[in-house]
Amino acid sequence: MDACAGRISPIDASPVRTDSLFQVFEAATPVLATVALQIAAAPGTRLRLDAPLCEAWSGFGAWPPHNPLAHLSLAELLSHRSKLGSVLPPAATPEDLASTIAMETRVSRSTPSPQSALATSATGVESGERPLPAASYEGAPFGWALGGIMRAVSGGTSIEGLVESRLLRPLSITDEMLFALPGGVHERAVTHSVSLLPDDADLELIALISNQEEEDTDNSGGANAASTDGPGPSSNAPGEAGTRSTARLLSPAGLNMRRMRSAFLPGVSAHSSAHALATFYSALGGGQLLPRAVLARAAQRASRGMFAGEEATWGLGMQIGALCEGEWRHVALGHAATGGSLGFCVPQLDLAIGITLSRLTAEKTATRRILALVLHECVGSDAVLAGLL
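Definitions and limits used
- Residues numbered from 1 in each chain as written.
- Predicted model: local features only at pLDDT ≥ 70, side-chain atom pairs only at ≥ 80, totals over all residues.
- Heavy atoms only, no water.
- Helix = DSSP H or I, 4+ residues; strand = E, 2+ residues; numbered from the N terminus.
- Buried < 20%, exposed > 50% of the residue type's maximum accessible area, 1.4 Å probe, protein only.
- Contact = heavy atoms within 4.5 Å.
- Areas by Shrake-Rupley, 256 points an atom, 1.4 Å probe, with all protein chains shown as cover.
- Expected span 1.5 Å × (residues − 1).
- Phe/Tyr/Trp six-rings, centres within 6.5 Å; stacked < 30°, edge-to-face > 60°.
- Salt bridge = Lys/Arg side-chain N within 4 Å of Asp/Glu carboxyl O.
- pLDDT = per-residue confidence, 0-100.
- Pairing = 2+ DSSP bridges.

Asker: Explain the overall build of the protein chain to me, using residue names and the numbers behind them.
Answerer: Helix and strand content of the protein chain: 13 helices and 14 strands. Expressed as a percentage of the 389 residues in the protein chain, the buried residues total 54%. Considering only contacts in the protein chain between residues 6 or more positions apart, those separated by 24 or more positions represent 67%. As displayed, the protein chain has an accessible area near 16,500 Å², and 51% of this comes from carbon and sulfur atoms.

Structure (structure tokens):
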């Protein structure tokens, strides 16, 4: 079932279509993880879930000497226990971020951040649950690490090429799920508006790109069409990069800029229709993409941490929740996104749902209402989704 409503932007009355592209941020992260799990499950592969990543990618954690990342496994990376520090150069530019190979190399030489040292989560101790390792979703560093690993084991093929050949093309959604928008498809991209996003939204790289484009526009004296939603919050003094980036991010002008939407930032940014998101999760839950044993391993609770202002539990590359009604409870696999988009599947019920929104909010009220309506029609009047929203 496909449903859509609304207009493409505040100044364009063209209706949203089933193939309209929304910025879904992290909701497509399991797409990247699924490709890594496919490669790890292949016979004779150098990439194994519980072996050090350096066995598959010799440069990972090789510098500086005694780098703890040399012992990091794919399972730890996928469950966001990598402890990756910031890999942004001190004065990063959009050109720095556009060099995917350079950023993959940089993340392979990063050192664990003291702020994200592994710890045991105390959540669940009182209820008798087994305490889980603490997780910290690390956005683009996570995506770049996955990209470098897959490039190393595939003979130099980029993560974009692997995603397209292994997932998007077989599922016939190459035109409806894109990690960076090429020329010619921007007219299908929905213009986003923003209420207030969580302070911990891991989108500083996107903010940096949009900030640079605003500066380019200001310097040339011109006006960018993407700024028609009005100015964003004022920036802080030079040097306060993190605060300034957050301010730029909260500006609709930044979110909708062509430069930002054309940037390839795996783990942070992706563009998709709701149809494509649901199609992917349907194939994932239906056993079309991963062997059943691998999917079962991916669905095991591996870590817990905060994401977009909410507590989240991760398996391997995807969040784990539950669809509940009355006394029954079924495992749900998927990923929420900053601002409200959501994709997930419930394998036991053969159910997959993708929700994309143009207005991004921390409360996700529209997402909750849409989801309640769909669950009422497809599952039952009392069905609720826990742990993903």
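Now that the structure is up, let's keep going.
Asker: Explain helix H5 (residues 139-153) residue by residue, including any values.
Answerer: Across its 15 residues, H5 extends 22 Å between first and last C-alpha, which sits within 8% of the 21 Å expected from 1.5 Å per residue. Here H5 lies mainly inside the structure; 13 of its 15 residues are buried. Among the residues trailing H5, glycine 155 stands out with phi positive, at a value near 75 degrees.

Asker: Talk me through the environment of phenylalanine 307; I want residue IDs and the actual numbers.
Answerer: Mapped onto the elements, phenylalanine 307 comes out in strand E7 (residues 303-307). It is 6.9 Å that separates the C-alpha atoms of phenylalanine 307 and tyrosine 137, two residues lying 170 residues apart in sequence.

Asker: Quick rundown of the packing of aromatic side chains? Include the residues and the values.
Answerer: For the structure shown, the criterion picks out seven aromatic pairs. For the pair tyrosine 137 and tryptophan 314, a centre-to-centre distance of 6.4 Å together with 20 degrees between the ring planes defines the contact as stacked. Of the two residues, tyrosine 137 sits in the loop between helix H4 (100-108) and H5 while tryptophan 314 sits in strand E8 (residues 310-314), which places them 177 residues apart along the sequence. For the residue pair tyrosine 137 and tryptophan 314, the accessibility class agrees, reading buried in each case. Between phenylalanine 280 and tyrosine 281, the ring centres sit 4.9 Å apart and the planes meet at 70 degrees, which makes this aromatic pair edge-to-face. Looking at phenylalanine 280, the relative accessible area reads 2%, which means it is buried. Given a relative accessible area of 0%, tyrosine 281 falls into the buried group. Ring pairs connect the aromatic residues Tyr137, Phe142, Phe307 and Trp314, which therefore count as one cluster.

Asker: Tell me about the pattern of salt bridges, residues and numbers included.
Answerer: The full count for this structure, using the stated rule, is six salt bridges. Notably, a salt bridge pairs arginine 17 with aspartate 19, separated by 3.0 Å at the nearest N-O pair. Here arginine 297 makes a salt bridge to aspartate 50, at a shortest N to O gap of 2.9 Å. With a gap of 247 residues between them, arginine 297 in helix H12 (residues 292-298) and aspartate 50 in the loop between helix H1 (29-41) and helix H2 (74-78) connect regions that are remote in the sequence. A relative accessible area of 28% places arginine 297 in the partly exposed class. We classify aspartate 50 as exposed; its relative accessible area is 55%.

Asker: An account of the confidence of the model for the protein chain is requested, with residue identities and associated values reported.
Answerer: Residues at a pLDDT of 70 or more form 79% of the protein chain, whose mean pLDDT is 82. By mean pLDDT, helix H8 (residues 241-249) is the weakest element of the protein chain at 39, and helix H11 (residues 274-285) is the strongest at 98. Low confidence marks residues 116-127, where pLDDT is under 50. Its contacts with residues over four positions away, or in another chain, come to 23 contacts. Note on residues 213-250: pLDDT is under 50 here. Beyond four places in sequence and across chains, it has 55 contacts.

Asker: Quick rundown of the environment of phenylalanine 264? Include the residues and the values.
Answerer: If you trace the backbone, phenylalanine 264 turns up in the loop between helix H10 (258-262) and strand E6 (271-272). Residues phenylalanine 264 and phenylalanine 179, spaced 85 residues apart in sequence, show a C-alpha to C-alpha distance of 6.0 Å. Discounting chain neighbours no more than four positions away, the residues touching phenylalanine 264 are Thr100, Ile159, Glu160, Phe179 and Ala180.

Asker: Account for the environment of alanine 372, with residues named and values stated.
Answerer: The residue alanine 372 is located in helix H13 (residues 365-378) in this model. The exposure class assigned to alanine 372 is partly exposed, which follows from its relative accessible area of 45%. The spatial distance from the C-alpha of alanine 372 to the C-alpha of aspartate 382 is 8.9 Å, given a sequence separation of 10 residues.

Asker: Can you tell me about the sheet that holds strand E4 (residues 177-178), naming the residues and giving the values?
Answerer: Read from one edge to the other, the open sheet built from three strands follows the order E3-E6-E4, with strand pairing classed as antiparallel. Among the strands making up the open sheet, the edge pair consists of strand E3 (22-23) and E4. In the sheet, E4 pairs with E6 via two bridges, with the strands oriented antiparallel. Note that in E6 the partner of methionine 177 across the bridge is serine 272.

Asker: Could you give an account of unusual backbone geometry, naming the residues involved and the relevant values?
Answerer: With an omega dihedral of -5 degrees, the bond running from tryptophan 63 to proline 64 counts as a cis peptide bond. Relative to the helices and strands, proline 64 is located in the loop between H1 and H2. For phenylalanine 25, which is not a glycine, the phi torsion comes out positive at approximately 50 degrees. Among the structural elements, phenylalanine 25 can be located in the loop between E3 and H1. Residue phenylalanine 25 is classed as buried on the basis of its relative accessible area of 1%. Of note, aspartate 350 is a non-glycine position whose phi angle comes to about 55 degrees, a positive value. Structurally, aspartate 350 is set in the loop between strand E11 (342-346) and strand E12 (351-355).

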